[in-house]
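Fold and contact review
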Amino acid sequence: MTTTDTNITDYTLPLSGLSCQGCVKKVTKALEDIDGIRIEEIDTQSVSLEALGESTEYPLRQAVSAIEALGYQVGEHYHLALSGLNCGRCVAKVEAALDEQPTVFSHSVSKTEAHVHTSLSADTLIELVDQLGYQAELATDDNQSAHTDHEATSDMDSDTESGAEPSDSAHNRSAASHSEQAHSSSDDTVKATSNVSRQQYVLSGMTCASCVSSVENAISGVDGVANVSVNLAERSAIVKGNAAPDAIVEAVENAGYGAEKVEDDNDRRERQQHQQAAELKNFKRSTIAGLGLGGPIMAWGIFGGSMTIQSSQDQWAWGAVAILTLLLLATGGRHFFANAWQALKHKRATMDTLVALGTGAAWLYSTAVVVAPALFPEQARHVYFEASAMIIGLISLGHAIEARARANTSKALDQLLDLQPPTALVIENGQETERPLDEVKQGMTLRVKPGAKVPVDGEVVEGSSYIDESMLTGEPVPVSKQQGDTLHAGTVNQKGSLTFKATGVGSDTMLARIIDLVREAQSSKPELAKLADRISAVFVPIVVAIALITAAIWYVVGPEPSVSYMLVTATTVLIIACPCALGLATPLSVTAAVGRAAEVGVLIRDADALQTAAKLHTLVFDKTGTLTRGQPEVTHVKAINGDQERLMAIAASLEQHSEHPLAQAIVNYAKAQDLSLPTSNDFNSESGKGIQAQIDGARYFIGNQAWMDAQGIETASHQSDIDAMTQRGETAIYLANTDSVQALIGVSDPIRDDAIEAVANLQAQGLEVIMLSGDHPDTANAIGRQLGIDHVIAGVLPDGKSEQIQALQQQGKRVAMVGDGINDAPALAQADVGVAMGSGSDIAIESAQITLMHQHLGALANAIALSQAAVRNMKQNLFGAFIYNTLGIPVAAGILYPFTGMLLSPVIAGGAMALSSITVVTNANRLRFFKIKSNDK
């Protein structure tokens, strides 16, 4: 640690688990979103950054949490054996010393041991304990690896500060201790991500965006929490890290809310459905009570009845109404006041605060008028019991409609959960038994009958059938399955009976992983939501201040009875400004859009990807396996001397000795034609050129132009045929004997059936489409012409793809990369949005933000169109919420009174507030019906 001045402190943090520049980019993006953190230098082994402000500890810990939420590691986790600590004061002394170190991120201390997460070296940590008069050493039972990792740090200078080491030495230390990790395979990155503990909680008591902020802050403060995402629409939280569940529940309850840990998505759905049913029942009851009491009172006033206290009879009559209204507030409106009181105890204000203040003020004023009318001017003896009752009724009605609509946004996820059957047919000792799904273990043999759903992932052992995978991948055509083929949970067996071995159960199935991705994406927040969160954090206190200022102005300069005007305007401001719509504006849109995408086989990793995809300028496609099928085929044969079948049999006999994809295409062609291959001997090959062998006493050669030239075989007379093949995007292969060329074979990677239409659809959306290929420019340009792509980048080596993406980004373009191979992973990570084919490699899918589960590229156009619709929907919701409050608050405060002589009624304000929430929920649910092009599905 180096302190440059009182407001800026330099830190260097060792990193592990980062295997490529894509990982570096992820970490950089996460750190850039943290206020008070500025990156100086970052690579796969360490990050040097500046923490700004007088207290740098909080932003630094935020940085550590953000990095670990991505699945990487910061610093080291030490297990120290302690001695010399005799009491709780000794433990507190060690804890206090650790707390003083900004680069000690978390710790747990007892009299005999300490677990410390820090970027300090082991020697520095031990020295820190020694300075307190105690003894410490690295424990050898469960942290031997930490000792090994830090042997390289034993020669560090002893005169470093007692914080983190200086930047240059820390960088070198990091390079030494993580040299092996830097060379690990890309699969390690996938494992690192999967090892992050993930917990789900169902929440209660939340009503608005400020509640979300309070719950997130409460959970974030729990030791061991790396990342938390709270979803107001679903009343749920996803927590990553190693925090104790009891500590999280306690933190939420201490903040004034409720939390209940759930074990899986089925458990979560059951708890949420129970909670939603209970909420809906309570809201209905409150609605009936509020409107049932307030409606007749309001009708009395509208049709000429007196709403003022003019006699003792009026006092008795309205006194009875006051008691009934109080009973309503204590029953139907109880949760508003209970939540407001909890918020007040925790020094915050929420939507319930506004409702409680508005309805409570109206009831108190009206009751005071009833009890002591003489204290008020005659003009001010108006009662507002109908306002308290109607507001409770209308807001409860809005909540009831909102709750019903919110439940619909999760239907896409519920449909995925319903794909997996509750039981499975297990074969043991030759007997079939039906057993609950949670009893199925990996390695068991199962049977799936015709028409039944596949219960778990597996590999076919016996039988053949067609499997409908449309609900999982969006692919409508059933897929043939035979021995050795893979089955996925949730798919439907069409005809035959299949016996298969379970290879993935529980959370290890593809369906479970898809559900996890959808769930996390639905709970994530785009930048638009973060803006709403920042506004809502200060919104309610500002509204309360506006209400007080409004009341003061009307009391001082308003007409008589000023007390009545003061009450009406202040109450109306409080009621109309409830930030329900603001809190629901983005999460509902994200939940509906991600769910709709999942229904059609498009997995969107997070809300930021959804927002970024809507702003794309350029799409870069890797050619092989993305625009083409990825399996070369013989597409043209020209026999020059001899019978075509005989010549292709000779070619296949030569090529069967090679593993090259082009050679395999020729062998596959011969098998498909059922050709009998002659015996070859005296085989010889030269890498990158071709093959020669003896067949039936004659020597034959097969290969490229360079191979023919090396054998002295004339090819110029066939140039026109070669040019024609090149124009068609084919690779020309020569078959020759010692005298001349015998045949020309054109091999190409065929264009996918849907690629041309998909490219046209994307271009019609205004996107620039670029093809990236390692092929020769002539071949690549020929394929580009067939696809309708004008911009082709050819001759690109695998490690140069990410550089091409970076070059496009430097031109100011927002770029998406579409690929499927391991060599595409760096480019997918470098792009603003990475799109992986579901049939591609695991590392490609891990590096991408969007995954197309089925094989039709048309889904990409749908995904982008859905992203654009979702962002429009979010903006509409936010605009509506902002405009509603921007216009509603001044009108409620009486800004139109000088021109019209009328004030907005608190009852109308309550109805408007409820209507704004209903409007936002209804608008977001439109995304559930987003039209997907059927020919692309």
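Residues numbered from 1 in each chain as written. Predicted model: local features only at pLDDT ≥ 70, side-chain atom pairs only at ≥ 80, totals over all residues. Heavy atoms only, no water.

**Structural notes on the overall build of the chain**
Each helix and strand counted, the chain has 36 helices and 35 strands in total. For the chain, buried positions account for 54% of its 937 residues. In the chain, once contacts between residues fewer than 6 apart in sequence are set aside, the share between residues at least 24 apart is 70%. (Helix = DSSP H or I, 4+ residues; strand = E, 2+ residues; numbered from the N terminus. Buried < 20%, exposed > 50% of the residue type's maximum accessible area, 1.4 Å probe, protein only. Contact = heavy atoms within 4.5 Å.)

**Quick word on unusual backbone geometry**
Most peptide bonds adopt trans geometry, and most residues besides glycine take a negative phi value. Along the chain, Glu560 connects to Pro561 via a cis peptide bond; the corresponding omega equals -5°. Here Asp682, not a glycine, exhibits a phi torsion of approximately 50°, which is positive. Looking at where Asp682 falls in the secondary structure, it is placed in strand β26 (residues 680-686).

**Focus on the sheet that holds strand β7 (residues 104-109)**
Note on sheets: strands pair through backbone hydrogen bonds, and any given pair is parallel or antiparallel. Taken in spatial order, the four strands line up as β7-β8-β6-β9 in an open sheet, and their pairing is antiparallel. Both outer strands of the open sheet, β7 and β9 (135-138), are each paired with one neighbouring strand and no more. This sheet shows a mean twist of 25° between the axes of neighbouring strands, independent of strand direction. Sitting on the sheet, helix α4 (residues 122-131) touches β6 (76-83), β8 (113-118) and β9, and the angle it makes with β9 is about 160°. (Pairing = 2+ DSSP bridges. Axes fitted to C-alpha atoms, helices over the stretch in contact; angles between N-to-C directions.)

**Points about the sheet that holds β26**
Strands sit in the order β25-β30-β29-β28-β27-β26 across an open sheet of six strands; the sheet is antiparallel. Both edges of this open sheet fall to β25 (633-639) and β26, since each of them pairs with a single strand only. This sheet shows a mean twist of 20° between the axes of neighbouring strands, independent of strand direction. Packing of helix α28 (residues 719-727) onto the sheet brings it into contact with β25, β29 (731-737) and β30 (741-748), and relative to β30 it is tilted by some 10°.

**Some details on the pattern of salt bridges**
In total, this model carries 10 salt bridges according to the counting rule given. Of the charged contacts in the structure, one is a salt bridge between Arg435 and Glu428, with a shortest N-O distance of 3.0 Å. Two residues, Asp622 and Lys801, come together in a salt bridge whose shortest N-O distance is 2.8 Å. Of the two residues, Asp622 sits in strand β24 (residues 618-622) while Lys801 sits in helix α31 (residues 801-810), which places them 179 residues apart along the sequence. Among the residues examined, Asp622 registers a relative accessible area of 6% and is labelled buried. Among the charged side chains, a salt-bridge network with shared partners connects Glu428, Arg435 and Glu439. (Salt bridge = Lys/Arg side-chain N within 4 Å of Asp/Glu carboxyl O.)

**Thoughts on the packing of aromatic side chains**
Describing an aromatic ring pair means giving the distance of the ring centres and the angle of the ring planes. Under the counting rule described, the total for this entry stands at four aromatic pairs. Here the aromatic rings of Trp554 and Tyr897 are separated by 5.3 Å at their centres, their planes lie at 80°, and the arrangement is edge-to-face. Of the two residues, Trp554 sits in helix α19 (residues 527-557) while Tyr897 sits in helix α35 (residues 897-900), which places them 343 residues apart along the sequence. Relative to Tyr897, the ring of Tyr565 lies with its centre 5.8 Å away and its plane at 65°, an arrangement referred to as edge-to-face. Taken together, the residues Tyr565 in helix α20 (residues 562-576) and Tyr897 in helix α35 connect sequence positions 332 residues apart. Look at Tyr897 and you get partly exposed, because its relative accessible area is 21%. (Phe/Tyr/Trp six-rings, centres within 6.5 Å; stacked < 30°, edge-to-face > 60°.)

**Description of the layout of surface pockets**
The computed volume of the second largest pocket comes to approximately 1100 Å³. Lining the second largest pocket are 41 residues, with His660, Leu662, Asn704, Thr731 and Ile733 sitting closest to its centre. Per-element tally for the lining of the second largest pocket: the top contributor is β29, with four residues. (1 Å grid on protein atoms, 1.4 Å probe; cavity = no way out; pocket = protein on both sides within 12 Å on 5 of 7 lines; lining within 4 Å. Points joined across faces, edges and corners; volume = space filled by probe spheres on them.)

**Here we look at a nonpolar patch on the surface**
A grouping of Ile549, Ile553, Tyr555, Val556 and Val557 is seen on the molecular surface, where their side chains present a nonpolar patch of about 540 Å² in accessible area. As for its position among the elements, Ile553 is in helix α19. For Ile553, a relative accessible area of 47% gives the class partly exposed. (Patch = residues over 30% accessible without salt bridge, like charges linked within 9 Å, V, L, I, M, F, W, Y side chains within 5 Å. Areas by Shrake-Rupley, 256 points an atom, 1.4 Å probe, with all protein chains shown as cover.)

**Remarks on the nonpolar core**
Counting 52 residues, the largest nonpolar core has Val602, Leu619, Phe621, Leu627, Leu762 and Leu860 as the members making the most contacts within it. No other element matches the 11 residues that helix α34 (residues 858-893) contributes to this core. Setting aside residues up to four positions removed in sequence, Leu860 forms contacts with Leu619, Phe621, Leu762, Val818, Val835 and Leu852. Listed in part, the 47 residues of the second largest apolar core include Ala349, Tyr365, Phe376 and Ala893. (Core = buried A, V, L, I, M, F, W, Y, C linked by side-chain atoms within 4.5 Å.)

**Comments concerning helix α30 (residues 777-787)**
When we look at burial in α30, the residues that qualify are Thr779, Ala780, Ala782, Ile783, Gly784 and Leu787. Positive backbone phi, approximately 85°, marks Gly788, located one or two places after α30.

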